[in-house]
Amino acid sequence: MLNIEGLNFSYNERNILKNINISVKNGEIISIIGPSGAGKTTFLKILAGIIKDYTGQIKINDEKINPKKNIIGLIPQDYGLLPWKTVYENIKISLKIKRKKNDDLIHKISNLIGIEDILNKYPKKLSGGQKQRVAIARSFVLKPQLLLMDEPFSALDAITRDNIQDNFLKIWNNNPVTTLIVTHSVEEALYLSQKIYIITEEGNLYKKIDNDFFQKRFEFYNEDYYKCIKNIKKDLSI
Ligand SMILES: Nc1ncnc2c1ncn2[C@@H]1O[C@H](COP(=O)(O)OP(=O)(O)OP(=O)(O)O)[C@@H](O)[C@H]1O
């Protein structure tokens, strides 16, 4: 269980996140959705241990979160691949960091996500969708206790995005990692997460939604789905 209680954070006395309370069950996927500048990336950076001077409590299984002890995977907006390493080496880095050896797992996950044939390529030769797949494979190989994804699919065309979202869920169903996804897309939040948290422009947690549409692709002509999207969009414009 990930427990966040009374989290506050300021940049140079400017209050960015205000009294955030969220709990995520082990193996659950939640989405954080909110307008630009609301503090979503800042929130992930705090969880990843990049930002440390927050107040409030963050616990994993009742112990204070510790990025040195807890295995935390972060997929940043730019995918974070090292240009001088091949895809295979980029994925293997996470195993080196955790001093594990598991080449079989690299091949299993690469196969599941469809990147077996590009393992020897360098990142500059890859499309955005391929880089995204590599970043996802790398974080799953790490077997993190917590996976953080910052707008993971925003730069992709609609067909590639649907395809990679499906691959992501395929791997997650194989190995349900506790995951937080930051997104601007209501449709993406509905497809990929069991709970949706709305953050306002001022950095307050406004609402938690239990999502009935998880892992279901709906069209706009489905009335319940359409209403749900409309309500969330209304909340986001407050
Ligand atoms: N290093 C920094 N120093 C000072 N202010 C910062 C810093 N990084 C971000 N900010 C400010 O903090 C606020 C929250 O930024 P953050 O990147 O977390 O928002 P976001 O919700 O992820 O936005 P977006 O959806 O556009 O990515 C913004 O107003 C931003 O300008």
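Fair warning: this is a prediction, and the values are worked out from it, not measured in the lab. (Residues numbered from 1 in each chain as written. Predicted model: local features only at pLDDT ≥ 70, side-chain atom pairs only at ≥ 80, totals over all residues. Heavy atoms only, no water.)

## Brief notes about the pairing of strand β9 (residues 195–199)
- With respect to burial, β9 is a largely interior element, five of its five residues being buried.
- Covered by surrounding structure in β9 are Lys195, Tyr197 and Ile199 together with Ile196 and Ile198, the residues of both alternating faces.
- Sheet topology note: the β9/strand β10 (residues 205–210) ladder contains five bridges and is antiparallel. Its bridge partner lying in β10, isoleucine 196 is registered against isoleucine 209.
- What sits between β9 and β10 in their antiparallel hairpin is a turn of five residues, with glycine 203 showing a positive phi close to 85°. (Buried < 20%, exposed > 50% of the residue type's maximum accessible area, 1.4 Å probe, protein only. Helix = DSSP H or I, 4+ residues; strand = E, 2+ residues; numbered from the N terminus. Pairing = 2+ DSSP bridges.)

## Examining the site of the ligand
- What surrounds the ligand is a group of 14 residues, the closest being Arg14, Ser36, Lys40, Thr41 and Thr42.
- Within the side chain of tyrosine 11, a nitrogen or oxygen atom sits 3.4 Å from a nitrogen atom of the ligand.
- A distance of 2.9 Å is found between an oxygen atom of the ligand and a backbone nitrogen or oxygen belonging to glycine 39.
- Burial of the ligand by the protein amounts to 64% of the accessible area it has alone, namely 640 Å².
- Sort the elements by how many residues they give to the shell around the ligand and helix α1 (residues 40–48) lands first, with three residues.
- Looking at the shell around the ligand residue by residue, the classes come out as four nonpolar, seven polar and three charged. (Near = heavy atom within 4 Å. Polar contact = N/O pair within 3.5 Å; in protein donor to acceptor, adjacent residues only side chain to side chain. Areas by Shrake-Rupley, 256 points an atom, 1.4 Å probe, with all protein chains shown as cover. Nonpolar A, V, L, I, M, F, W, Y, C, P; charged D, E, K, R; others polar.)

## Considerations on helix α7 (residues 223–236)
- In a regular helix each residue adds 1.5 Å, so 14 residues correspond to 20 Å; α7 covers 20 Å between its end C-alpha atoms and thus fits that length.
- Of all the positions in α7, only Tyr225, Cys228, Ile229, Ile232 and Asp235 are classed as buried. Axial view of α7: buried residues confined to an arc of 125°, hence all on one face. Exposed residues on α7 whose side chains face more than 90 degrees from its buried face are Glu223, Lys230 and Lys234.
- At its buried positions, α7 is contacted by α6 (186–192), β9 and β10.
- With a side-chain oxygen lying 3.1 Å from the backbone nitrogen of aspartate 224, the N-terminal cap of α7 falls on asparagine 222. (Expected span 1.5 Å × (residues − 1). Arc of directions from axis to C-beta. Contact = heavy atoms within 4.5 Å.)

## Quick word on the packing of aromatic side chains
- Throughout the structure, instances matching the rule amount to five aromatic pairs.
- When the ring of phenylalanine 213 is compared with that of tyrosine 225, the centres are 5.4 Å apart and the planes differ by 75°; the resulting orientation is edge-to-face. Pair noted here: phenylalanine 213 is in the loop between β10 and α7 and tyrosine 225 is in helix α7, with a separation of 12 residues, a long-range link. The pair formed by phenylalanine 213 and tyrosine 225 is uniform in burial state, with each residue classed as buried.
- Directly above the aromatic system of tyrosine 191 lies the positively charged group of arginine 217, at a separation of 3.7 Å from the ring centroid. (Phe/Tyr/Trp six-rings, centres within 6.5 Å; stacked < 30°, edge-to-face > 60°. Lys NZ or Arg CZ within 6 Å of the ring centre and 35° of its normal.)

## Some thoughts on unusual backbone geometry
- Positive phi outside glycine occurs at asparagine 12, with the angle close to 45°.
- Tracing the sequence through the fold places asparagine 12 in the loop between β1 (2–11) and β2 (14–24).
- Positive phi values are uncommon outside glycine, yet glutamine 215 reaches one of about 65°.

## Focus on the nonpolar core
- Formed by 35 residues in total, the largest nonpolar core has its most connected members in Ile91, Ile136, Phe140 and Phe168.
- When residues of this core are traced back to their parent elements, those giving at least two are α2 (87–97), α3 (103–113), α4 (128–141), β7 (146–150), α5 (158–174) and α6.
- With six residues, α4 is the largest single contributor of residues to this core.
- Judged by nonpolar contacts, the second largest core, of 29 residues, contains Phe43, Tyr54, Leu146 and Ile199. (Core = buried A, V, L, I, M, F, W, Y, C linked by side-chain atoms within 4.5 Å.)

## A look at the sheet that holds β1
- Strand order across the open sheet formed by four strands is β2-β1-β4-β5, with antiparallel pairing between neighbours. At either margin of the open sheet sits one strand with a lone partner, and together these are β2 and β5 (63–64).
- Examined bridge by bridge, β1 and β2 share seven bridges and lie antiparallel to one another. Residue pairing across strands places serine 10 opposite asparagine 15, the latter belonging to β2.

Shape is all these values report; function is a separate question.
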